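Geometric and topological summary
So you can see what is in the structure, the chains are spelled out below.
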Amino acid sequence: SEAAIGQFKYILEKDPKSWQAAFNLAAVYELKGMIDDAAQYYKKAIELDPKNSNAYCSLAKILIAKKDYKSAQVLLDHVKNKLGANNHYLHLMQG
């Protein structure tokens, strides 16, 4: 996973607008349990692609893990109401 981190960081250096690299880097950090780093890159992915419902839901999952339920709910409401997304994470989180 260190190789993946290096690769995604390299891609972001070469293409700072690559939301895919930011999202994938966040996912790798999340898998490693590095949730603050994961949150940073999910936010970056959202900044680069504001319509990416997966990034919003993934960040919400991090916020829930950090017990920041209010902020997570704001993100999930945004996905549901503004993006109209039919996201599988959204359905899982809403039970």
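Structure's up top.
None of the values given here were measured: they were computed from a predicted structure.

Some words on helix H2 (residues 19–31)
Taking 1.5 Å per residue, 13 residues should reach 18 Å; H2 reaches 18 Å between its end C-alpha atoms and fits that length. Turning to H2, its buried residues number three or more, namely Ala-21, Ala-22, Phe-23, Leu-25, Ala-26, Val-28, Tyr-29 and Glu-30. Those residues of H2 that are buried are in contact with helix H1 (2–14), helix H3 (35–48) and helix H4 (53–65). One or two steps after H2, the chain reaches Gly-33, where phi turns positive at roughly 80°.

Some words on the packing of H4 against helix H5 (residues 69–81)
Packing of H4 against H5 brings their axes to within 8 Å, and their N-to-C directions diverge by 165°. Overall, the two elements H4 and H5 adopt an arrangement that is roughly antiparallel. For the pair H4 and H5, the crossing hand works out as left-handed. On H5, the residues that touch Ser-53, Tyr-56, Cys-57, Leu-59, Ala-60, Leu-63 and Ile-64 of H4 are Tyr-69, Ser-71, Ala-72, Leu-75, Leu-76, His-78 and Val-79. For the contact of H4 with H5, the per-class residue count stands at 11 nonpolar, three polar and no charged.

A closer look at H4
The terminal C-alpha atoms of H4, which comprises 13 residues, lie 18 Å apart, in line with the 18 Å expected from a rise of 1.5 Å per residue. Burial in H4 covers these residues: Ser-53, Ala-55, Tyr-56, Cys-57, Ser-58, Leu-59, Ala-60, Ile-62 and Leu-63. Capping of H4 at its N-terminal end is provided by Asn-52; its side-chain oxygen lies 3.1 Å from the backbone amide nitrogen of Asn-54. Positive phi shows up at Lys-67, right after H4, with a value of about 65°.

Quick word on the pattern of salt bridges
Taken as a whole, this structure holds four salt bridges when the rule is applied. Here Lys-32 makes a salt bridge to Glu-2, at a shortest N to O gap of 2.5 Å. Placement of Lys-32 in the loop between H2 and H3 and of Glu-2 in helix H1 is noted, with a sequence separation of 30 residues between them.

Here we look at unusual backbone geometry
Phi angles above zero are rare outside glycine, and Lys-67 is one such case at about 65°. With respect to the helices and strands, Lys-67 occurs in the loop between H4 and H5. When its relative accessible area of 61% is taken as the criterion, Lys-67 is described as exposed.

Let's talk about the nonpolar core
Leu-12, Leu-25, Tyr-29, Tyr-41, Tyr-42, Leu-59 and Leu-75 are the most contacted members of the largest nonpolar core, which has 27 residues in total. Broken down by secondary-structure element, the contributors of at least two residues to this core are H1, H2, H3, H4 and H5.

Topic: the environment of Glu-47
Structurally, Glu-47 can be placed in helix H3. A relative accessible area of 56% places Glu-47 in the exposed class. As for Glu-47 and Ala-22, which are separated by 25 residues in sequence, their C-alpha atoms are 9.9 Å apart.

Conventions and cut-offs
- In this convention, every chain numbers its residues from 1, walking through the sequence in written order.
- Note on the predicted model: pLDDT of at least 70 is required for a residue's local features to be given, and 80 or more for side-chain atom pairs to be given and counted; whole-chain, interface and lining totals, by contrast, use all residues.
- Note that water and hydrogens are dropped before the side-chain values are worked out from all heavy atoms of the structure.
- Strands here mean DSSP runs of E at least two residues long; helices mean DSSP runs of H or I at least four residues long; both are numbered from the N terminus.
- Helix span, expected: 1.5 Å multiplied by one less than the number of residues in the helix.
- Whether a residue is buried, partly exposed or exposed follows from its accessible area with a 1.4 Å probe, protein chains only, as a fraction of its type maximum: under 20%, in between, or over 50%, in that order.
- The contact definition used throughout considers only heavy atoms, calling two residues in contact when any of these lie within 4.5 Å.
- Every axis corresponds to a line fitted to the C-alpha atoms, with the helix fit spanning only the stretch in contact, and the corresponding angles, defined between N-to-C directions, vary from 0 to 180 degrees.
- Just so you know how the angles are binned, under 35 degrees is roughly parallel, over 145 roughly antiparallel, 65 to 115 roughly perpendicular, and the rest oblique.
- Note: crossing handedness is left-handed where the near helix turns anticlockwise from the far helix by less than a right angle, and right-handed where it turns clockwise.
- Under the scheme applied, nonpolar residues are Ala, Val, Leu, Ile, Met, Phe, Trp, Tyr, Cys and Pro; charged residues are Asp, Glu, Lys and Arg; polar residues are all the others, including Gly.
- Pairs of N or O atoms within 3.5 Å make up the polar contacts considered here, provided that, within protein, one atom can donate a hydrogen while the other can accept it, and that residues adjacent in sequence are counted only when both atoms are side-chain atoms.
- Salt bridges are counted wherever a side-chain nitrogen of Lys or Arg sits within 4 Å of a carboxyl oxygen of Asp or Glu.
- Here, nonpolar core refers to any group of buried Ala, Val, Leu, Ile, Met, Phe, Trp, Tyr and Cys residues whose side-chain atoms link them within 4.5 Å.

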